[in-house]
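# Structural features, examined
Next come the chains, spelled out residue by residue.
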2 protein chains.
Amino acid sequence: MAVPIILILAPLAGLLSIVLSLFLAKMVIKFDDGNEAMQRVAGYIREGAYAFLKRQYTTLAIFVAGFSIVILLVIPNAITPGALNWQQFLAYLLGSAASSVAGYLGMIVGVRANSRTAQAATKGLAAAFNVAFFGGAVMGLAVVGAAIVGVSVIYWIFGDPAVVLGFSFGASSIALFAKAGGGIYTKTADVGADLVGKGEFNLPEDDPRNPASVADNVGDNVGDIAGMGADLFDSYVASLVAAMVLGASFTGSFPAADVDFFVVLPLLVSAVGLFATLIGIVLTKFQTKDNPGKALNNGTYLTTLVFAGINLLLTLIVTTVGELSAAGAQKVWMNFIAQVMGLFAGVMIGITTDYYTDDSKKPTQKVAASSEKGHAMVILAGFSYGMESVAAPTIGIVVAMAIAWALDTVYGVANAAVGMLAIIGTIVANDAYGPITDNSRGLAEQGGLGEEVIRDCDKLDSAGNTAKAITKGFAIGAAALTVLALLYAYAHEAGISSVDLLSGPTMIGAFIGAMMPPLFSAVLVKAVEVNAERMVAEIRRQFKEIPGILNGNEKADYAKCVDIATKGAIRELVLPIILSIAGPLLTGILFGTTSLAAFLAASILTGFIFAIFMSNAGGTWDNAKKYVEDGHFGGKGTEAHRAAITGDTVGDPFKDTAGPSINTLITVMSLTSSMFIGVFAWFGAGAGLIGQFM
Amino acid sequence: MAVPIILILAPLAGLLSIVLSLFLAKMVIKFDDGNEAMQRVAGYIREGAYAFLKRQYTTLAIFVAGFSIVILLVIPNAITPGALNWQQFLAYLLGSAASSVAGYLGMIVGVRANSRTAQAATKGLAAAFNVAFFGGAVMGLAVVGAAIVGVSVIYWIFGDPAVVLGFSFGASSIALFAKAGGGIYTKTADVGADLVGKGEFNLPEDDPRNPASVADNVGDNVGDIAGMGADLFDSYVASLVAAMVLGASFTGSFPAADVDFFVVLPLLVSAVGLFATLIGIVLTKFQTKDNPGKALNNGTYLTTLVFAGINLLLTLIVTTVGELSAAGAQKVWMNFIAQVMGLFAGVMIGITTDYYTDDSKKPTQKVAASSEKGHAMVILAGFSYGMESVAAPTIGIVVAMAIAWALDTVYGVANAAVGMLAIIGTIVANDAYGPITDNSRGLAEQGGLGEEVIRDCDKLDSAGNTAKAITKGFAIGAAALTVLALLYAYAHEAGISSVDLLSGPTMIGAFIGAMMPPLFSAVLVKAVEVNAERMVAEIRRQFKEIPGILNGNEKADYAKCVDIATKGAIRELVLPIILSIAGPLLTGILFGTTSLAAFLAASILTGFIFAIFMSNAGGTWDNAKKYVEDGHFGGKGTEAHRAAITGDTVGDPFKDTAGPSINTLITVMSLTSSMFIGVFAWFGAGAGLIGQFM
């Protein structure tokens, strides 16, 4: 394909974003990082985070190296490797490198912004908010910048969206490790620290005597910063590549110049989203006076409006001064509406999600109230609200999908996904803000900064939770549309024109695909259980063998706990990774490429349900516990509180390990399917070893 | 269609079954019903059960009357009602009547067999086993007999499988009320009785001082006998009608005589299954000496083998002496294999299900072990095993489906479902055996029959649990294949040749359909929570206002608790019933008939997952609690025991309300779709109000 010169906007926007990210990083690091005690603990957290990243990247390097060789020798052209092999090989390496570097940068700043936020809080809420917000923005801008530069450069060089698939697959490999691994890590430490520290020795949260306290703080960073960044990098790139592949599918039915433009349109829209994000970040800064939670959400709404405005302008320009045919220009307008509708739908889904997890709303308060009736009733209440919460986002997706499809069928849906993800920089920034303020609270406590500072840090932290509810719903909605677009892209690449559910092999694929998300969730929840047990044993050992820990005379061996969380997280990753790659491979090989399309579609359906159910049930339990701790239904120390804690502990691996990893699972399965199309052709001419006889 | 004379075998087998059922009923009632105390409590249980049935049937009568008028005036031929209208109207009334009568007969005997089993246990285990087993067999034989007579008579009179759809829809209406309503009832009473009785006043299980103890025993009967009977009546009839509709679809491609035979083949196979069931019931009687649990399971295996044998004979006869063409005979052979494979797959699924809930196996023991680590860990362990347990039955369905499809595509799958359900009489009998022995234990305790008798009743009860694990998995597997066959039947009736997941409206239907089972489950779990709260309030009131209850001087007001459970169960049914009918109607009206097909397919996928997950997680928690109570991990009264009870209480509405009601939900949605095809044609020519513009 020829590459329209206007594409230059995309890498330029990306570079601008990276530069701004580096600038913010430098700015944040210049802030005062507090007294000696804070520096020391922050140092432990930093070391722990680096230790995890180092081990994770080492394992990843082996995995990526192995897989890249498979790509080079086998995947795209199975029998006689051709140009696509080495191109995708390169793209795959670049994709995994770009995602890793962006994640690394975000982490470097994240684990430094925590103590600086605490220290800044001594000068007031607004100052502290800025440090935390900019600290998070570093990650947001780095992720979006690296993704957009990577995708546009690769497309510029090779002129083929199929090569970009390799880049996306690289990003997905990282995301699977970072999100699922980080999720296991963070909940291993959290659950282990709570079970022994709170449960057996009555230590408060973040108590430095708890040997797992540092691991717990490290977990927040590796799960919510590095993991979430890699996850959204992955979704973002996947939505771009799916829309590009589908744009290229109009070859023959539109003039070549039109098609060339359709392919780069998603990248341009993302560049627009990036500009809107930059403006949104600047505007957010000026609203911090009253309510940090509102400031974050208003920032998101503003960014949405700015995006719609600039995108309108871009569409006006390209359709009037560009060289599009009349039909081509009309198509661009249709997809402009799809993009804006996608983004609005994303925000709407986020807001309805918020309803189920906000403690000023009925669901969370009812769950909190049921804590008076015992452990089982808390679980049942959170469980039923979690399942009920699936309805509203489903309707959101249905509306977005109906409009996008009516506008321009599969390409419309892909553009709705691109529109939804266009402001992902803001979403990542708001999400990374969370662990920074969460850590800052602990550091303020350990640095002895006084009640008022701790209260300010608490305010910042709870603002992060409010923002997180919306961004989480948003991410799930965006992922659903993205994987739908990936499904269409897969079908296009595999030459499948219909996936008929009335056909046996297709329905078989659907049954297997539907099973994947619950099975994957089971494996991840079990991984947390197993690894938390190891952590529990180690904490008990330390309290027993080093009796001075409890009275503060001796130092707990934080490093040992960090090491257990790290090693365990990587070890427990093996099974989920095998599942996510073997599932689509076996289905494709046994039942053929069409069956595999149904596999993907069904995994989207159940994945969407389980992701929402687990995230929202977990969020409701978490906030119900906080609501009880705020003094309702007896408050701390009562039986009701203990029941509420049970809900929170059950919800932990739901909302921070399994739930959010499902997005990644489905993206990985979709991309694996697309990458292996050439291989599936070996078996029963694409109908599968068994499928050919059905 | 012409009706082959050989069909006469089916109503004859059905009549034989009904006669035998009545004979067994009379025989069971003749047994000694124990001492005065037992008679009194059994009387309360009987009254409570009748009170519930009366109210349920009254509400049902209104619902059925209303719906039958809609059928008469509107449904089959929407614009100008024709013959099909009054025929389906009649069939609908007959279907609901047949299911109600069978359920009523089963209940009459069930609530009488309990005290008689307890009394027989004074003469030894074998005697007691026979009373309980024959008591359950009354229900099994009544259900199968009424179903097969009803379907064959209606087909004989009208010669049109579409009329039988009305009969099936009538059975489904009853099942929805009986299964979901009974499920709410039983867990309202169980959870309420446990929370106050055990939790607040330390009363043991079945203590007559607990005002909800009678309601609890009534619940076992209305949930596990009446509810389950109606549910399996529903699945059984649905599998028959689906296979008959698909058999008729060969008109044109086979000689008329062949097609006539294909339509009645499912009925003949069911007649064979019924003979096998009768033989199995007789053979079970002779093996009771050593181990009642093994006797029940061996009965199931024997019935399976006998079925395969007689079915082989039938197939040999009809293909050699019958008037089938060569191609027709070959088709019958293909479907013979599909039927036998279906049944074997059902048994295999049952056995793997057993693995997850049997306390001699790893999952249940691990869940029990995690009770030492607290409430949250029990929940997480049961939850992850529940999700994991989805994998094996999925593979079972995939294997059955792959073979059946390879043999004869949609008709093959329908015949696999028919084969799986052919021995349903045995399954219902084994299931109804459960509450009878469960009740008998309580009655033995209240009648003061001594330690040894109670221990024997316990043995019989636990045998029921072992058998139940297999029958439950079996029922879910059979339901999955049945609703698949119903989906094909719907598509055939609606003239849909392809349900393409790559199309927007189709994918929208799939999203909505996938949402239904979790939403329905949420509503049912919430119904139990709400109604259990009413029960808790009432029990507390009685203990407060009638202080003599606790020291045994005054009688608790059992009737009031029974009344609360009854009224609440019916009231909380409104929302799930609206959901199950409005879901498919709205999807069909808004997005068209093809979208609705995808809706059904997706609801099968998620319904299958949620049904297995909820049933197995609940079963594992239940047995893990019993394992702890048997003295492991500290045994009764410990913290571990309390944590295990939490798991059991959470699992109660999972395994006895929501999980098993999902089958019924999906059948009702499938049949609603088939019945309303004529109505959907009004909207956008079948493409839907919104779908026509997509």
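About the thresholds
Residues numbered from 1 in each chain as written. Chains lettered and ligands numbered in written order. Predicted model: local features only at pLDDT ≥ 70, side-chain atom pairs only at ≥ 80, totals over all residues. Helix = DSSP H or I, 4+ residues; strand = E, 2+ residues; numbered from the N terminus. Rg over C-alpha atoms; globule rule 2.2 N^0.38 Å. Buried ≥ 20, exposed ≤ 12 C-beta atoms within 10 Å, placed from the backbone. Contact = placed C-beta atoms within 7 Å. Core = buried A, V, L, I, M, F, W, Y, C linked by C-beta atoms within 7 Å. Least-squares fit on C-alpha atoms with pLDDT ≥ 70 in both. Expected span 1.5 Å × (residues − 1). Bend = angle between axes of the 7 residues up to and from the residue. Axes fitted to C-alpha atoms, helices over the stretch in contact; angles between N-to-C directions. Parallel < 35°, antiparallel > 145°, perpendicular 65-115°, else oblique. Left-handed = near helix turned anticlockwise from the far one by under 90°. Nonpolar A, V, L, I, M, F, W, Y, C, P; charged D, E, K, R; others polar. pLDDT = per-residue confidence, 0-100.

## Examining the overall build of chain A
Along the backbone of chain A there are 19 helices and zero strands. In terms of overall dimensions, chain A is globule-like: its C-alpha atoms have a radius of gyration of 24 Å, near the 26 Å expected for 694 residues. Seen along its three principal axes, the alpha-carbon backbone of chain A occupies a region of about 75 × 55 × 45 Å. Looking at the 694 residues of chain A, the share that counts as buried comes to 69%. Contacts in chain A between residues far apart in sequence, at least 24 positions, make up 86% of those at least 6 positions apart.

## A look at the interface of chain B and chain A
Size of an interface, as often reported, equals the accessible area lost when the parts are brought together. Taken together, the contacts link 62 residues of chain B with 62 residues of chain A. Broken down by secondary-structure element, the contributors of at least two residues to the side of chain B that touches chain A are helix 5 (161-201), helix 11 (375-388), helix 12 (391-421), helix 14 (451-494), helix 15 (504-545), helix 17 (574-629) and helix 18 (639-675) of chain B. The element best represented in the side of chain B that touches chain A is helix 15 of chain B, accounting for 15 residues.

## With respect to the nonpolar core
In terms of nonpolar packing, the biggest core is built from 546 residues, with A:A485, A:L605, B:A485 and B:L605 touching the most fellow members. Look past the residues within four positions of A:L605 in its chain and what remains in contact with it is A:A514, B:A510, B:F511, B:A514, B:A602, B:L605 and B:T606.

## Structural notes on the relation of the copies chain B and chain A
It takes a turn of 180 degrees to lay chain B on chain A, together with a shift of 0.0 Å along the axis; the resulting RMSD is 0.0 Å. Put plainly, the chains are arranged around a two-fold axis. In terms of proximity to the rotation axis, the leading residue of chain B is B:D500, whose C-alpha is 2.2 Å off the axis. A share of 100% of the interface residues of chain B reappears at the interface of chain A, consistent with the copies meeting face to face through the same patch.

## As for unusual backbone geometry
All names here are of chain B. Phi at T409 takes a positive value of approximately 40 degrees, unusual for a residue other than glycine. Here T409 lies in helix 12. The exposure class assigned to T409 is partly exposed, which follows from the 17 C-beta atoms found within 10 Å.

## Some details on the environment of A:G48
All names here are of chain A. With respect to the element layout, G48 can be found in helix 2 (residues 36-73). G48 gets classed as buried once you count the C-beta atoms within 10 Å, which come to 28. Between the alpha carbons of G48 and C561 there is a distance of 9.5 Å; along the sequence they are 513 residues apart. Beyond its immediate sequence surroundings of up to four residues, G48 is in contact with V214, A215, V218 and V562.

## A look at helix 5 (residues 161-201) of chain A
Residues and elements named next belong to chain A. When the terminal C-alpha atoms of helix 5 are compared, their 57 Å separation across 41 residues agrees well with the 60 Å that a helix rising 1.5 Å per residue should span. D194 marks where helix 5 bends most, by close to 25 degrees. Among the 41 residues that make up helix 5, 37 are buried, leaving the element largely enclosed by the rest of the structure. Just downstream of helix 5 lies N202, where phi reads positive at about 55 degrees.

## Let's talk about the packing of helix 7 (residues 256-285) of chain B against helix 12 of chain B
To characterise two packed helices, one gives the angle between the axes of the helices and the distance between these axes. Residues and elements named next belong to chain B. Orientation of helix 7 relative to helix 12, taken along the N-to-C sense of each, is 20 degrees, at an axis distance of 9 Å. When the axes of helix 7 and helix 12 are compared, the pair comes out roughly parallel. Handedness of the helix 7/helix 12 crossing: right-handed. Along its contact with helix 7, which presents P266, V269 and S270, the element helix 12 presents N415, V418 and G419. Among the residues making up the contact of helix 7 with helix 12, the classes are represented as three nonpolar, three polar and no charged.

## Overview of the confidence of the model for chain A
Residue and element names in this part refer to chain A. Here chain A averages 91 in pLDDT, while 98% of its residues score no lower than 70. Element-level mean pLDDT values for chain A span from 86 in helix 14 (residues 451-494) up to 96 in helix 11 (residues 375-388). Both confidence scores are given for the complex: pTM 0.95, ipTM 0.95.

## Examining the environment of B:A25
Residues and elements named next belong to chain B. Within the secondary structure layout, A25 lies in helix 1 (residues 9-30). Owing to 23 C-beta atoms within 10 Å, A25 belongs among the buried residues under this scheme. Along the sequence, A25 and S603 sit 578 residues apart, while their C-alpha atoms lie 39 Å from each other. Excluding anything up to four places from it in sequence, A25 contacts L105, V109 and V138.

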